[in-house]
Amino acid sequence: MSQSGEMITINARIDIAADSLQIIVANAKKISGADEKGIYRIDTAEKVNELISDFLENNGFVEYIKNLDNYTR
């Protein structure tokens with residue numbers, strides 16, 4: 001459980017560098033390994049979700065969103 005309470009799942013569009021996504025896919029394949037037919041059975045979209053969620057929880061997202069200066073680009 002997060003320090004901020006109950007967790008909910010949202011669907012959001014984010015911008016991510018193409019090479020970042022390539023790294024995630026490559027590492028997910030390394031971790032899962034291929035089956036006997038050489039097919040990788042891993043949901044890479046879910047892995048992206050897990051990694052971003054973990055990053056937000058562990059790197060001060062709550063403090064970031066408390067700062068009104070972060071609401072303008």
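Right above here is the structure, for reference.
Let me begin by describing the structure that accompanies this report. (Residues numbered from 1 in each chain as written. Predicted model: local features only at pLDDT ≥ 70, side-chain atom pairs only at ≥ 80, totals over all residues. Heavy atoms only, no water.)

### Here we look at the layout of surface pockets
Point 1. In this structure, the largest pocket spans a volume of roughly 1500 Å³.
Point 2. Contributing elements (two or more residues each) for the lining of the largest pocket: helix 2 (44–58) and helix 3 (61–66).
Point 3. A total of nine residues in the lining of the largest pocket trace back to one element, the largest contributor, which is helix 2.
Point 4. Partitioned by chemical class, the residues of the lining of the largest pocket number 17 nonpolar, ten polar and seven charged. (1 Å grid on protein atoms, 1.4 Å probe; cavity = no way out; pocket = protein on both sides within 12 Å on 5 of 7 lines; lining within 4 Å. Points joined across faces, edges and corners; volume = space filled by probe spheres on them. Helix = DSSP H or I, 4+ residues; strand = E, 2+ residues; numbered from the N terminus. Nonpolar A, V, L, I, M, F, W, Y, C, P; charged D, E, K, R; others polar.)

### Quick look at the packing of aromatic side chains
Point 1. With the rule as written, the count across this model stands at one aromatic pair.
Point 2. Ring geometry for Phe61 versus Tyr64: centroids 6.5 Å apart, planes at 20°, classification stacked. A residue pair is termed a helical-turn pair when its members lie 3 or 4 positions apart in one helix, as Phe61 and Tyr64 do in helix 3 at three residues.
Point 3. We classify Phe61 as partly exposed; its relative accessible area is 35%. (Phe/Tyr/Trp six-rings, centres within 6.5 Å; stacked < 30°, edge-to-face > 60°. Buried < 20%, exposed > 50% of the residue type's maximum accessible area, 1.4 Å probe, protein only.)

### Describing a nonpolar patch on the surface
Point 1. Residues Phe55, Leu56, Phe61, Val62, Tyr64, Ile65, Leu68 and Tyr71 make up a contiguous nonpolar surface patch of roughly 810 Å² in combined accessible area.
Point 2. If you list the elements that add at least two residues to the nonpolar patch, you get helix 2 and helix 3.
Point 3. Top contributing element to the nonpolar patch by residue count: helix 3, with four residues.
Point 4. Relative to the assigned elements, Leu56 resides in helix 2. (Patch = residues over 30% accessible without salt bridge, like charges linked within 9 Å, V, L, I, M, F, W, Y side chains within 5 Å. Areas by Shrake-Rupley, 256 points an atom, 1.4 Å probe, with all protein chains shown as cover. Salt bridge = Lys/Arg side-chain N within 4 Å of Asp/Glu carboxyl O.)

### Comments concerning helix 2
Point 1. Here helix 2 is 15 residues long and its end C-alpha atoms lie 21 Å apart, about the 21 Å a rise of 1.5 Å per residue gives.
Point 2. Looking at where helix 2 begins, the residue whose side-chain oxygen comes 3.2 Å from the main-chain nitrogen of Ala45 is Asp43.
Point 3. Among the residues trailing helix 2, Gly60 stands out with phi positive, at a value near 75°. (Expected span 1.5 Å × (residues − 1). Polar contact = N/O pair within 3.5 Å; in protein donor to acceptor, adjacent residues only side chain to side chain.)

### Concerning the pattern of salt bridges
Point 1. Tallied over the entire structure, the rule returns three salt bridges.
Point 2. Among the ionic pairs, Lys47 bridges to Glu50, the shortest N-O distance being 2.8 Å. Of this pair, Lys47 and Glu50 both sit in helix 2, separated by three residues, roughly a single helical turn.
Point 3. One salt bridge connects Glu63 with Lys66, and the closest N-O pair in it is separated by 3.5 Å. Pair noted here: Glu63 and Lys66 are both in helix 3, with a separation of three residues, about one helical turn.

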